[in-house]
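Residue strings, one per chain:
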Amino acid sequence: MSWQDDYAQTMLPVFGTPKAKLVAARGCTVTDDAGKDYLDLLGGIAVNTLGHGHPAITEAVTGQLSTIDHVSNFFTTDPQLNLASKLLEIAGAPAGSQVFFANSGTEANEAAIKLARRVGAPEAGSSGRSRIIAVDGAFHGRTIGALSLTAKEAYRAPFAPLMPEVTHVPFGDTDALRAAVDDTVAAVIIEPIQGERGVRLHPAGYLTAVREATREAGALMILDEVQTGIGRTGHWFAFQHPEVGEGITPDAITVAKGLAGGIPIGGLITIGEKVSALLGAGQHGTTFGGNPVSAAAALAVLDTIKTDGLLAHVRETGDWLAEQLTAIPGITGARGAGLLRSFAITDPQQADAGELPVAQALAAAAQGAGFIINPVTGDRIRLAPPLIITPVQLQDFIDALPALIAETVKAQS
Ligand SMILES: *Cc1c(COP(=O)(O)O)cnc(C)c1O
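Residues numbered from 1 in each chain as written. Predicted model: local features only at pLDDT ≥ 70, side-chain atom pairs only at ≥ 80, totals over all residues. Heavy atoms only, no water.

**Student:** What am I meant to see in the pattern of salt bridges here?
**Tutor:** Between side chains of opposite charge, a pair can form as their charged atoms come close. Taken as a whole and judged by the stated rule, the model has seven salt bridges. Salt-bridge contacts for R178 lead to E212; the nearest nitrogen and oxygen are separated by 3.3 Å. Here R178, found in helix α8 (residues 174–180), pairs with E212, found in helix α9 (residues 206–217); they are 34 residues apart in sequence, far enough to count as distant. According to the relative accessible area criterion, R178 is partly exposed, its value standing at 38%. On the accessibility criterion, E212 (37% relative accessible area) is partly exposed. (Salt bridge = Lys/Arg side-chain N within 4 Å of Asp/Glu carboxyl O. Helix = DSSP H or I, 4+ residues; strand = E, 2+ residues; numbered from the N terminus. Buried < 20%, exposed > 50% of the residue type's maximum accessible area, 1.4 Å probe, protein only.)

**Student:** Looking at this structure, how should I read the sheet that holds strand β17 (residues 380–383)?
**Tutor:** Either a parallel or an antiparallel arrangement is found when strands of a sheet pair, and the pairing is made through backbone hydrogen bonds. In spatial order, the strands read β13-β14-β17-β16; together these four strands make up an open sheet with antiparallel pairing. One side of each edge strand has no neighbouring strand; the edge strands of this open sheet are β13 (332–337) and β16 (374–377). The sheet shows a mean angle of 30 degrees between the axes of neighbouring strands, direction not considered. In this sheet, strand β14 (residues 340–344) lies alongside β13 in antiparallel orientation, the contact comprising four bridges. (Pairing = 2+ DSSP bridges. Axes fitted to C-alpha atoms, helices over the stretch in contact; angles between N-to-C directions.)

**Student:** Looking at this structure, I do not really get the site of the ligand. What am I missing?
**Tutor:** Close to the ligand lie S104, G105, T106, N109, F139, H140, G141, E191, D224, V226, Q227 and K257. Between a nitrogen atom of the ligand and a side-chain N or O atom of D224, the distance comes to 2.7 Å. In this structure, K257 approaches the ligand through a side-chain N or O atom, which is 2.6 Å from an oxygen atom. It is helix α5 (residues 105–117) that contributes the most residues to the shell around the ligand, three residues altogether. Looking at the shell around the ligand residue by residue, the classes come out as two nonpolar, seven polar and three charged. (Near = heavy atom within 4 Å. Polar contact = N/O pair within 3.5 Å; in protein donor to acceptor, adjacent residues only side chain to side chain. Nonpolar A, V, L, I, M, F, W, Y, C, P; charged D, E, K, R; others polar.)

**Student:** Is there a simple way to explain the packing of aromatic side chains in this structure?
**Tutor:** Aromatic ring pairs are reported here in terms of the distance separating the ring centres and the angle at which the planes meet. Per the stated rule, a full pass over the model turns up three aromatic pairs. Over the aromatic face of Y155 sits the side chain of R142, whose NZ or CZ is 3.7 Å from the ring centroid. The cationic tip of R200 hangs over the ring face of F171; the distance from NZ or CZ to the ring centre is 3.6 Å. (Phe/Tyr/Trp six-rings, centres within 6.5 Å; stacked < 30°, edge-to-face > 60°. Lys NZ or Arg CZ within 6 Å of the ring centre and 35° of its normal.)

**Student:** Help me understand the packing of helix α3 (residues 55–65) against helix α12 (residues 292–307) in this model?
**Tutor:** In a packed pair of helices, the relevant descriptors are the angle between the two axes and the axis-to-axis distance. The interhelical angle for the contact between α3 and α12, taken along N-to-C directions, is 150 degrees, at an axis separation of 8 Å. Between α3 and α12, the angle is such that the two are roughly antiparallel. Considering the relative orientation of α3 and α12, their crossing is right-handed. In contact with A56, I57, A60, V61, Q64 and L65 of α3, α12 contributes P292, V293, A296, A297, A300, V301 and T304. (Parallel < 35°, antiparallel > 145°, perpendicular 65-115°, else oblique. Left-handed = near helix turned anticlockwise from the far one by under 90°. Contact = heavy atoms within 4.5 Å.)

**Student:** In this structure, what is going on with the pairing of strand β3 (residues 37–40)? I would like to understand it.
**Tutor:** Remember that side chains alternate between the two faces of the sheet whenever the strand is regular. Two strands pair when backbone bridges link them, and strand β2 (residues 29–32) and β3 are joined in this way by three bridges, in the antiparallel orientation. By the bridge assignment, T31 is partnered in β3 with D37. With antiparallel pairing between neighbouring strands as the criterion, β2 and β3 make up a hairpin whose turn holds four residues, including G35 at a positive phi of roughly 85 degrees.

**Student:** What exactly am I supposed to notice about helix α4 (residues 78–90) here?
**Tutor:** Side chains three or four residues apart in an α-helix point the same way, a direct result of the helix having 3.6 residues per turn. Taking 1.5 Å per residue, 13 residues should reach 18 Å; α4 reaches 18 Å between its end C-alpha atoms and fits that length. Along α4, the residues classified as buried are P79, Q80, L83, A84, L87, L88 and I90. Contacts made by the buried residues of α4 are with α3, β4 (98–102), β12 (266–270) and α12. Taken from the residues just after α4, G92 is the one with a positive phi, measuring 65 degrees. (Expected span 1.5 Å × (residues − 1).)

**Student:** I tried to follow the pairing of strand β1 (residues 22–26) on my own but got confused; where do I start?
**Tutor:** Bridge count between β1 and β2: four bridges; the pairing is antiparallel. Directly across from A24, in β2, lies its bridge partner T31.

**Student:** Just to check I follow, could you spell out the environment of T214 for this structure?
**Tutor:** Relative to the helices and strands, T214 is located in helix α9. Along the backbone, T214 and A260 are 46 residues apart, and their C-alpha atoms lie at a distance of 31 Å. Residues contacting T214, with those up to four places away along its chain left out, are V181, V188, A219, L220 and M221. Within the structure, the side chain of T214 is placed 3.1 Å from the backbone oxygen of R211, a separation counted as a polar contact.

**Student:** What should I look at first to understand the confidence of the model for the chain in this one?
**Tutor:** Low-pLDDT stretches of the model should not have their predicted coordinates read in fine detail. Here the chain averages 95 in pLDDT, and 96% of its residues register 70 or above. Considering each helix and strand of the chain separately, the mean pLDDT is smallest for helix α14 (residues 348–353), with a value of 45, and largest for strand β11 (residues 252–255), with 99. Residue range residues 347–356 is modelled with pLDDT below 50. Its contacts to residues more than four positions away, or to other chains, number 14 contacts. (pLDDT = per-residue confidence, 0-100.)

Okay, here's the thing in structure tokens:
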């Protein structure tokens, strides 16, 4: 039986047919079952921060497994405590800030939703404020709570009714945002850069407006840094990127994808004593969240980013990549920050209008040529390679791209 048949018989079809069966991975290269190598320019969707098989993660995980593996959250461990301190440190969080560990991005956002539900809550009983504002184009995850914050109708519609009292405001419209955030609102949740919506940056001033409006209304500003956090933009968090974050400080941050470099983890960081005090004993929980193995992997990731100077490397490599992409004929609207980038291969206005299959065709051609890239919208490709990738490795892709685009565009017309 082929692996395709095996997959079709045994796996729920939610992901469609896999594009290959991978059998090995090292550094920025993954290998399929026919022995073909691919340059991994997606990094497990912004997860493989240190590439594949990095010795720091392997040593941390194996060492941790042989020291103390899983314990329940009736107990704590050094890796968990050290990781919480480290996250607060890199977030520049003031005294009183705290951390909750989960296992994924959607779970981190579920914790954030529960935090929001406690805003303005009387001592017992439910909160007086239950509305949450999210933004058109947002992606916050697939569980029912997080899905309610996610904007994409195709993801939402089959599962109605979703969580009530969520309002999506139009993308980039400061006036609409200010009008929506009143004293019935518990929180605004927002990605600093909309990853799944094609690595889309908010217009200048928008995040500042969210910060001002939430502060005035007594609502939380929750930043979903699941995709953008942990060095992806060349800063520990995207809100610390001067152009992206505009100098704002959020009330809460969610993280996941890149934090443990491929080991499942998620986290909610609450900024300051007042926000941290919203969730009390018994109000949330998890079995696996904060387990020492994931925490040890995350500590290895954070330590390696620091000691190898990867934040500066990501800034330099990302800027270089953006320049190279912009210079290629047939590419429009290259955008992003650090090593989270996207580009369109037709008019970018069209990309925002709907789904075109051209990006899928380009990704298929690239795979044939040995490159893994992601058709994130109809005509837009996302790149989120390991943070350790070098310009020399990227050059191979840049060199191949003009012919791949020419081939794809020709086949389409
Ligand atoms: C991927 C992603 C999530 C969901 O994370 P999972 O680990 O897949 O649950 C949430 N928010 C953002 C911004 C993401 O990119």
